[in-house]
Amino acid sequence: MTSQEIRQKFLDYFKSKDHLIVPSAPIVLKDDPTLMFSNSGMTQFKDFFLGYKTPTAPRIADTQKCLRVSGKHNDLDDVGRDTYHHTMFEMLGNWSFGDYFKKEAIAFAWELLTEVYGIPKENLYVTIFEGDASENLERDQDAYNFWKSHISEDRIINGNKKDNFWEMGESGPCGPCSEIHIDLRTPEEKAAVPGITLVNQDHPQVVEVWNLVFMEFNRKADKSLEKLPAQHVDTGMGFERLCMALQGKSSNYDTDVFTPLISKVEELSGKKYTGILEDEKDIAIRVVVDHIRAVSFAIADGQLPSNGGAGYVIRRILRRAISYAYRFLGIQEPFLYKLVAVLQEQMGKFFPEIEKQGKLVSEVIKSEEESFLKTIENGLIRVEKLIQQTITDNSKVLPSEEVFELYDTYGFPDDLTRIIAEEKGLTIDEAGFKAEMEKQKQRSKSDSAQKVYDWVVLEEKPENFVGYDQIESETYITRYRKVENKDGEFYQVVLSSSPFYPEGGGQVGDKGVLENASESFEVLETKKENGLIVSLINGLPKDAGAVFYAKVNASDRQNSQANHSVTHLLHEALREVLGTHVEQKGSYVGPDYLRFDFSHFNKMTEEELALIEEKVNKKIKESIALQEFRSIPIQEALDKGAMALFGEKYGDHVRMIQFGSSKELCGGTHVKNTSEIGHFKITSEGSAAAGIRRIEAISGDKSEEYFNNLEKQMIELSQLLKSKDIVRSIEKLIEENTSLKAEVDALKKEKAKGEISEWKNAYEQKGNKQLLVKKTSLDAGSVKDIVFQLKREIPTSVTIILSDADGKPMITVGVSDDLAADYQAGAIVKDLAKEIQGGGGGNPGFATAGGKNLDGLENAYQKALTV
């Protein structure tokens, strides 16, 4: 049975059991403050479990892309070193929202595994929750009784809270679970050691294949448990492990989920995969084929590699793959991007995003590979210098601060530093390096540390967002909770009727005030969490249940929605001018400016930018009225021509925004008429990533301010130039400046000739070298030319020039080629630069350093005389 057939049989089975089959949600989460990525199948249904949203159907089944590389569920370090851990994996799941419970869930699982898939019953074991006295949780006797009708009692195992009480995170939905384990060992191995003794013992051939979670509780911030409004079923079956079981393999990597990727890596690397766990080459291949899946689908879902947040995690996974391939497969050029085509063929039928976004995914990965390989090359030079300095200092241990700087600042893998050091008979200060890593973690924690208390619920009432129609409303607080962070103590509140737009869809959240006759509080931000609109205020009312008046900052809202509406017009114009391959890949919409990222593979020309501006401003001048379809079936919206964005999760009913021919699915706030936008002006266009361009622009008040400033500058220039013909006056200045510069350059050359003649006769014999140490006021360019000439003409020479040109200290060092074995220009300049509070570098023959302390040149001069 192929992996595609296995996946299809699962979906067909649950469809026959009256389950609605839904597509996988994006792997990257954009509106959940508690998670970066979907780390389980239930993530997209969390609001259903908590009672914040009504399920689209009482029974649902799907296959969900998941990523476990951060937080509580983090499998990254295990990937490649065993047969079954992965960063990205598929979770096959069936769900019941207040419909069936333990009895039916257990019966479905048993029937599918043993009758549909044909797994021998004697190979299966199940676990149930044994209870936990510390939380007053009893043994799951119901699950035990239901299992007895399917499997012998000696195959039902009690499991502890760690293994059999499932929790999504520090807080949230949770409950007892029942795991199904499969014994994949040979008959001889089974006869020698009973499988029941290996369940949950990390045995690679006795593995959990399915987890049936019975959602009954919600874990609160204070760690207490409360009953959920209704009982639910949440199951998750590891697709890769199921394939291993059904295809008779002993490793996930031996299934056809991974073998096509492995074959391609073998082809590209010339290395043969043998499947040996301890073989570094095989570990590297497993890392590569696992990581390319995670990175590719994250990019396809809209998350580009970056230096922060979810983007940093994706970049780290990608760099880990590149590093393993570099070290153990000998691949020192971009190659990972060539694996994307294999993924498209394997998974495009079930996950169309990888099919449609394939070109973009390949380009982004290739660009990241090129960049990181340069980082490795530059890092190798730095490591070599560090090793030489360590040997010079008669040490066998590379200092932890330097190794950590290579890792943290330059992105050079620390394990690669270890390997190179070991080849030279050195080690790194492991304890010191760990201490540096811990310091970094603590810094990161302190920057983002926030203690969030439990909600105090004043009234269980559905919130009412009125912000599409008004920016002020009478309201009261339905729930609140305290929040403590490095800036102090604040309160998050949910309002009965809120005009505050919550951050989302690229648009910033509203700010404003919450006030009544006796109190006033500043609304600092507004976000959405688990379906609730949450506003942060700078205090707690004396009477939290009192009536208040909520007021949005009107000017900020107007400017933000003008910028949001104009992004729609911009998107349409880009597709008209550049082509329909253009798709939105990210945006920021605030009151001051807008940022719009889109797929396109070339830098835009000035003519294209001008045409875009012209088209958008034409639409603004046409005074096109907003047509808002606040709740429309998604298929109807798509049939009308609405743009839907990859990486976004849409419900059955959506909001469609239309300005003439521009139609997009969007939850943001918008102007009522394009004339309110005023004027649109592009301020910059550049690259955001490979295959992604970025436009920054302004509109409304900021556009008016921009042109007012330009006019003011023109008036000031006219006054300075004493002319109304500014262009001609500047052309004249340029001509005069060019002439004067030529005269200055000629004078510099004359002065430099004089210096060369004088300096040639000023070398002194010091040991095995001729040494010249000179002070000058010549500029850096002239000094460089002179030093290179002296290097060539004066044998066995070290030349050190200290300059104070333009009031800035600079040190230049040249070492003739015949002294390269004894003196390093980079090491000399690094030592001297300490005196001027600076730094620099170069190569063994030539190096420069600038600094901050001009007075330190004298000390540097005296020190240079002792070189």
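Scope of this entry: the structure provided in the associated data block. Please read all numbers here as calculations on a predicted model, not as lab measurements.

### Let's talk about the overall build of the protein
Then, in step 1: A count of helical and extended segments in the protein gives 24 helices and 34 strands.
Then, in step 2: The principal-axis extent of the C-alpha atoms belonging to the protein is close to 100 × 75 × 55 Å.
Then, in step 3: Per-residue burial over the protein gives 51% buried out of 867 residues.
Then, in step 4: Long-range pairs, those at least 24 residues apart, make up 68% of the contacts in the protein between residues at least 6 apart in sequence.

### Some details on the sheet that holds strand β25 (residues 653-659)
Then, in step 1: One open sheet accounts for three strands, arranged β24-β25-β26; its pairing is antiparallel. The open sheet is flanked by β24 (627-633) and β26 (662-665), the only strands paired with a single partner. Ignoring strand direction, the axes of neighbouring strands in this sheet form an average angle of 25°.
Then, in step 2: Two elements, β24 and β25, share five bridges in a ladder whose sense is antiparallel. The partner of Pro 633 across the bridge, within β25, is His 653.
Then, in step 3: Where helix α17 (residues 554-578) meets the sheet, it contacts β25 and β26, and its direction lies at approximately 115° from that of β26.

### A look at the packing of aromatic side chains
Then, in step 1: Per the counting criterion, the structure on display carries 30 aromatic pairs.
Then, in step 2: Aromatic pair Trp 110 and Trp 147: ring centres 6.0 Å apart, planes at 80°, arrangement edge-to-face. Of this pair, Trp 110 sits in helix α3 (residues 102-116) while Trp 147 sits in helix α4 (residues 141-148), and the two are 37 residues apart along the sequence.
Then, in step 3: A relative accessible area of 0% places Trp 147 in the buried class.

### Topic: unusual backbone geometry
Negative phi values dominate among residues other than glycine, just as trans dominates among peptide bonds.
Then, in step 1: Even without a glycine there, the phi angle at Asn 394 is positive, about 55°.
Then, in step 2: Within the fold, Asn 394 resides in the loop between α13 (358-392) and β10 (397-398).
Then, in step 3: For Lys 722, which is not glycine, the phi dihedral falls at a positive 55°.
Then, in step 4: Tracing the backbone through its elements, the reader meets Lys 722 in the loop between α20 (700-721) and α21 (726-760).
Then, in step 5: Its relative accessible area of 76% is what places Lys 722 among the exposed residues.

### Focus: the sheet that holds strand β23 (residues 594-599)
Then, in step 1: The four strands lie next to each other as β22-β23-β28-β27, forming an open sheet whose pairing is antiparallel. The strands lining the two open edges of the sheet, one partner per strand, are β22 (584-589) and β27 (680-689). The average angle at which neighbouring strand axes cross in this sheet is 15°, direction not considered.
Then, in step 2: α20 contacts β27 and β28 (692-699) of the sheet and is inclined by roughly 80° relative to β28.

### Re the packing of α21 against helix α22 (residues 780-793)
Then, in step 1: Here α21 crosses α22 at 35°, and the two axes come no closer than 11 Å. Of the two elements, α21 crosses α22, and the hand of that crossing is right-handed. Within the contact between the two elements, α21 uses Lys 748, Ala 752, Glu 755, Ile 756, Trp 759 and Lys 760 and α22 uses Ser 782, Ile 786, Gln 789, Leu 790 and Glu 793.
Then, in step 2: Residues of the contact of α21 with α22, tallied by class, amount to five nonpolar, two polar and four charged.

### Some words on the pattern of salt bridges
Then, in step 1: Throughout the structure, instances matching the rule amount to 49 salt bridges.
Then, in step 2: Of the charged contacts, one joins Arg 219 and Glu 167 as a salt bridge, the two residues approaching to 2.9 Å between their closest N and O atoms. Placement of Arg 219 in strand β8 (residues 206-219) and of Glu 167 in strand β6 (residues 165-167) is noted, with a sequence separation of 52 residues between them. There is no split in this pair, since Arg 219 and Glu 167 are both buried.
Then, in step 3: The partner of Glu 858 in a salt bridge is Lys 775, with the nearest N and O atoms 2.3 Å apart. Of this pair, Glu 858 sits in helix α24 (residues 857-864) while Lys 775 is found in strand β30 (residues 769-776), placing the two residues 83 residues apart along the sequence.
Then, in step 4: We classify Glu 858 as partly exposed; its relative accessible area is 35%.
Then, in step 5: Relative accessible area serves as the criterion here: at 45%, Lys 775 is assigned to the partly exposed category.
Then, in step 6: Each of Lys 102, Asp 140, Glu 216 and Lys 227 takes part in salt bridges that share partners, so that together they form one network.

### Re the pairing of strand β32 (residues 810-815)
Then, in step 1: Summarising burial for β32: five of the six residues are buried, a large majority.
Then, in step 2: Judged from the six bridges that link them, strand β31 (residues 797-803) and β32 form a sheet pairing that is antiparallel. Across the sheet, Leu 802 pairs through a bridge with Ile 811, a residue of β32.
Then, in step 3: Taken together, β31 and the strand that follows it, β32, pair antiparallel across an intervening segment of six residues, in which Asp 806 is found at a positive phi of about 60°.
Then, in step 4: As paired elements, β32 and strand β34 (residues 846-850) share five bridges and run antiparallel to each other. When the sheet's bridge partners are listed, Met 810 is paired in β34 with Gly 850.

What counts, and where the lines are drawn
- Residues numbered from 1 in each chain as written.
- Predicted model: local features only at pLDDT ≥ 70, side-chain atom pairs only at ≥ 80, totals over all residues.
- Heavy atoms only, no water.
- Helix = DSSP H or I, 4+ residues; strand = E, 2+ residues; numbered from the N terminus.
- Buried < 20%, exposed > 50% of the residue type's maximum accessible area, 1.4 Å probe, protein only.
- Contact = heavy atoms within 4.5 Å.
- Pairing = 2+ DSSP bridges.
- Axes fitted to C-alpha atoms, helices over the stretch in contact; angles between N-to-C directions.
- Phe/Tyr/Trp six-rings, centres within 6.5 Å; stacked < 30°, edge-to-face > 60°.
- Left-handed = near helix turned anticlockwise from the far one by under 90°.
- Nonpolar A, V, L, I, M, F, W, Y, C, P; charged D, E, K, R; others polar.
- Salt bridge = Lys/Arg side-chain N within 4 Å of Asp/Glu carboxyl O.

Nothing here speaks to function; it is geometry throughout.
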